[in-house]
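Single-letter residue listing:
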Amino acid sequence: MTRAAQRLLAIQSALTNISVSDDQKVDNFILPDGAVMTAKADSVSPTNSIHIDGLIVCEYHLLDRTAQLVISAVGTQFENTASHVPSFQVIEILPSSQVGSPQTSRNDISVKDTWATVYALFTLYHDQEIIPVVLSQEINNSEELRSYLLRSGLGRTAHAPTASKEEIYLHRATFWQGAGTQGYHNRGWLPPSSFSVAPFPLIPSFTRTPIVISGHPLRPPKPQPGETLFRRFCPSIGETLEFTYFDLRSGSNTSEHLDTFHRWHNSERVNKAWGERGSLEKHRAYITEIMNDPGVLPVIMSWNGEPMGYAEITYLKENHVAPYIPGGPGDWDRSLHVLVGEDKFRGTVRTNLWHRALIHYCFLADPRTESVMGEPKADNPSIIKVDFDSAMHIRTIFDFPYKRSALFCVPRYRFFRLDLL
């Protein structure tokens, strides 16, 4: 086994060492649209309920059988003996039995509540790559929900032609890639807006600056100032992480975002890393230039609405990093440049959460983004550890005119295959 493979297995082991106990709960879990969800994984109770805003939207129980999703062994002598492929207990999803529930009369489950149910299951059983489920025939719209799960890519049926097609195998990787959200309902991590409705078409464009000459795809129009780009509740700390497009308030003397950005850059700690200490006007000019660059997205990060950091999400093809990338970047690959401004929001737990969420956002924002990269100083052990903990690897080490950098990269397939979210 290679050292890289050993490193990935170590990361996966560290992140999945929490098993689902008999009383594990999803309690007061805030969904992206603000609804509050509660659920419980109880192997003793015959039936478990999923509540959203105080109402039971559906129920589920564990069946007395297991299922495994065999793929590459199908058609070989190992098809029925693939013991290396994990088997998981099958879960049956049922309609709500709550008296007075608005869904009880029809025994229906809405599409957005079905997505929330999948969210609850992958939160409770986060160490499973696959969750096999069956939809109870008591659900009046079970065929609609089956079609939704399969057509959106949230789930699939057995690969073997002769296997039972009753079970739907929910995929953790496709769930976290946003399957079943855009085009189906408005409950996903990317709030509904013209910026995140669909991938932007491929149209050639070109950038020429003193440090960059590059052909690349035309980039989408920028979001509106102050527009929320991403929102996700982090149950490990019980707070909601939000990314907001920078609001400069053109024509005003200042804005909350600009004041905060200015204060952060005049702190010793941030200035040591970024070297952008200066006046309010200097920082206004800096942000104005970034906002006028089609390839860079300036973002304010916040916990429960309180600003905590700043990020620049950059398309690599037209960035000065591109010549240093072995083989060059992909058309839609992106990089991150980040600072945490508030000392109280520093620390390993929060840092891993926002760092992985930034990568998550990049992959959600465009399905053509195959890799997300970073280029910290090669002698910065703290951020290098953060990159490793987000399943990144070192592609190369190179020298800018002003620093030696380690080029870190995480490909889409690895990020979603591991239990990082």
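Residues numbered from 1 in each chain as written. Predicted model: local features only at pLDDT ≥ 70, side-chain atom pairs only at ≥ 80, totals over all residues. Heavy atoms only, no water.

- In the annotation of an unreviewed UniProt entry, the protein is listed under the name Acyl-CoA N-acyltransferase and assigned to Suillus fuscotomentosus.
- Under the UniProt heading Sequence similarities (unreviewed entry), the note attached to the protein is "Belongs to the lysine N-acyltransferase MbtK family." (UniProt positions renumbered as here; feature names shortened; annotations may be inferred.)

## Quick notes on the sheet that holds strand β8 (residues 168–171)
- If you trace the eight strands from one edge of the open sheet to the other, you get β1-β2-β3-β4-β5-β6-β8-β7, paired in mixed fashion. Here the strands that pair on one side only, and so sit at the sheet edges, are β1 (24–30) and β7 (155–156).
- Packing of helix α2 (residues 111–124) onto the sheet brings it into contact with β1, β2 (36–41), β3 (48–52), β4 (55–67), β5 (88–95), β6 (130–135) and β8, and relative to β1 it is tilted by some 135°. (Pairing = 2+ DSSP bridges. Helix = DSSP H or I, 4+ residues; strand = E, 2+ residues; numbered from the N terminus. Contact = heavy atoms within 4.5 Å. Axes fitted to C-alpha atoms, helices over the stretch in contact; angles between N-to-C directions.)

## Side note on the environment of Pro-225
- Along the chain, Pro-225 turns up in the loop between β10 (213–217) and β11 (228–234).
- Given a relative accessible area of 47%, Pro-225 falls into the partly exposed group.
- In this structure, the C-alpha to C-alpha distance between Pro-225 and Ser-147, residues 78 residues apart in sequence, is 38 Å.
- Among all residues touching Pro-225, those that are not within four sequence positions of it are Tyr-245, Phe-246 and Asp-247. (Buried < 20%, exposed > 50% of the residue type's maximum accessible area, 1.4 Å probe, protein only.)

## Observations concerning helix α9 (residues 381–389)
- Every buried residue of α9 is accounted for by Ile-384, Val-386, Asp-387 and Asp-389.
- Where α9 ends, the next residue or the one after it, Ala-391, has phi of about 70°, a positive value.

## Section: the sheet that holds strand β13 (residues 296–303)
- Taken in spatial order, the eight strands make up an open sheet running β11-β12-β13-β14-β15-β16-β18-β17, and their pairing is mixed. Where the open sheet ends on each side, the last strands, each with one partner, are β11 and β17 (393–399). Ignoring strand direction, the axes of neighbouring strands in this sheet form an average angle of 25°.
- Here β17 pairs with strand β18 (residues 404–411) via six bridges, running antiparallel. Along β18, the bridge assignment pairs Ile-397 with Ala-406.
- With respect to the sheet, helix α7 (residues 280–291) is in contact with β12 (239–245), β13 and β14 (306–315), its orientation differing from that of β14 by roughly 45°.

## Things to note about the side chain of Thr-117
- Along the chain, Thr-117 falls in helix α2.
- Under the relative-accessibility criterion, Thr-117 is labelled buried at 3%.
- Within polar-contact distance, the side chain of Thr-117 engages the backbone oxygen of Asp-113 at 2.8 Å.
- Apart from the residues within four sequence positions on either side, Thr-117 is in contact with Ile-50, Cys-58 and Ile-93. (Polar contact = N/O pair within 3.5 Å; in protein donor to acceptor, adjacent residues only side chain to side chain.)

## Comments concerning the confidence of the model for the protein
- On average, residues of the protein score 90 in pLDDT, and 90% of them are at 70 or above.
- In the model, residues 4–22 has pLDDT below 50 throughout and makes 33 contacts with residues more than four positions away in sequence or in other chains. (pLDDT = per-residue confidence, 0-100.)

## So, the pairing of β5
- Of all the eight residues making up β5, seven are buried; the element is thus mostly covered by neighbouring parts of the structure.
- Both β4 and β5 contribute to a ladder of seven bridges, which runs antiparallel. From the neighbouring strand, His-61 faces β5, where its bridge partner is Glu-92.
- As judged from the three bridges shared by β5 and β6, these two strands associate in the parallel manner. The residue bridging Glu-92 from the neighbouring strand is Val-134, located in β6.

## Here's the deal with the packing of aromatic side chains
- Scanning the model with the defined rule gives 29 aromatic pairs in all.
- Aromatic pair Tyr-315 and Trp-332: ring centres 6.4 Å apart, planes at 75°, arrangement edge-to-face. Separated by 17 residues along the polypeptide, Tyr-315 in strand β14 and Trp-332 in the loop between β14 and β15 (334–340) bring together distant segments of the chain.
- Taking relative accessible area as the criterion, Tyr-315 reaches 6% and is therefore assigned buried.
- Ring centres 4.5 Å apart and planes at 25° place the aromatic pair Tyr-324 and Phe-398 in the stacked group. Of this pair, Tyr-324 sits in the loop between β14 and β15 while Phe-398 sits in strand β17, and the two are 74 residues apart along the sequence. (Phe/Tyr/Trp six-rings, centres within 6.5 Å; stacked < 30°, edge-to-face > 60°.)

## Description of the nonpolar core
- Counting residues in each nonpolar core, the largest one holds 92 residues, and the members touching the most others are Met-37, Leu-170, Phe-175, Phe-243 and Tyr-310.
- Non-local contacts of Phe-175, meaning those with residues more than four positions away in its chain, are made with Trp-115, Val-118, Tyr-119, Phe-122, Leu-154 and Trp-189.
- In this structure, Ala-67, Leu-69, Val-90 and Tyr-169 belong to the second largest nonpolar core, which totals nine residues. (Core = buried A, V, L, I, M, F, W, Y, C linked by side-chain atoms within 4.5 Å.)

## Structural notes on the state of the cysteines
- In the structure shown here, the tally under the stated rule is zero disulfides.
- Take Cys-409: it sits in no disulfide, and the sulfur closest to it among the cysteines is that of Cys-362, at 12 Å. (Disulfide = S-S within 2.5 Å.)

## Re the packing of α2 against helix α3 (residues 142–152)
- Contact geometry for α2 and α3: axes closest at 11 Å, N-to-C directions at 60°. One element, α2, and the other, α3, form an angle in the oblique class. Here the hand of the crossing between α2 and α3 comes out right-handed. Note on element contacts: α3 touches α2 through Glu-144, Leu-145, Tyr-148 and Leu-149, opposite Val-111, Thr-114, Trp-115 and Val-118.
- Counted by class, the contact of α2 with α3 contains six nonpolar, one polar and one charged residues. (Parallel < 35°, antiparallel > 145°, perpendicular 65-115°, else oblique. Left-handed = near helix turned anticlockwise from the far one by under 90°. Nonpolar A, V, L, I, M, F, W, Y, C, P; charged D, E, K, R; others polar.)

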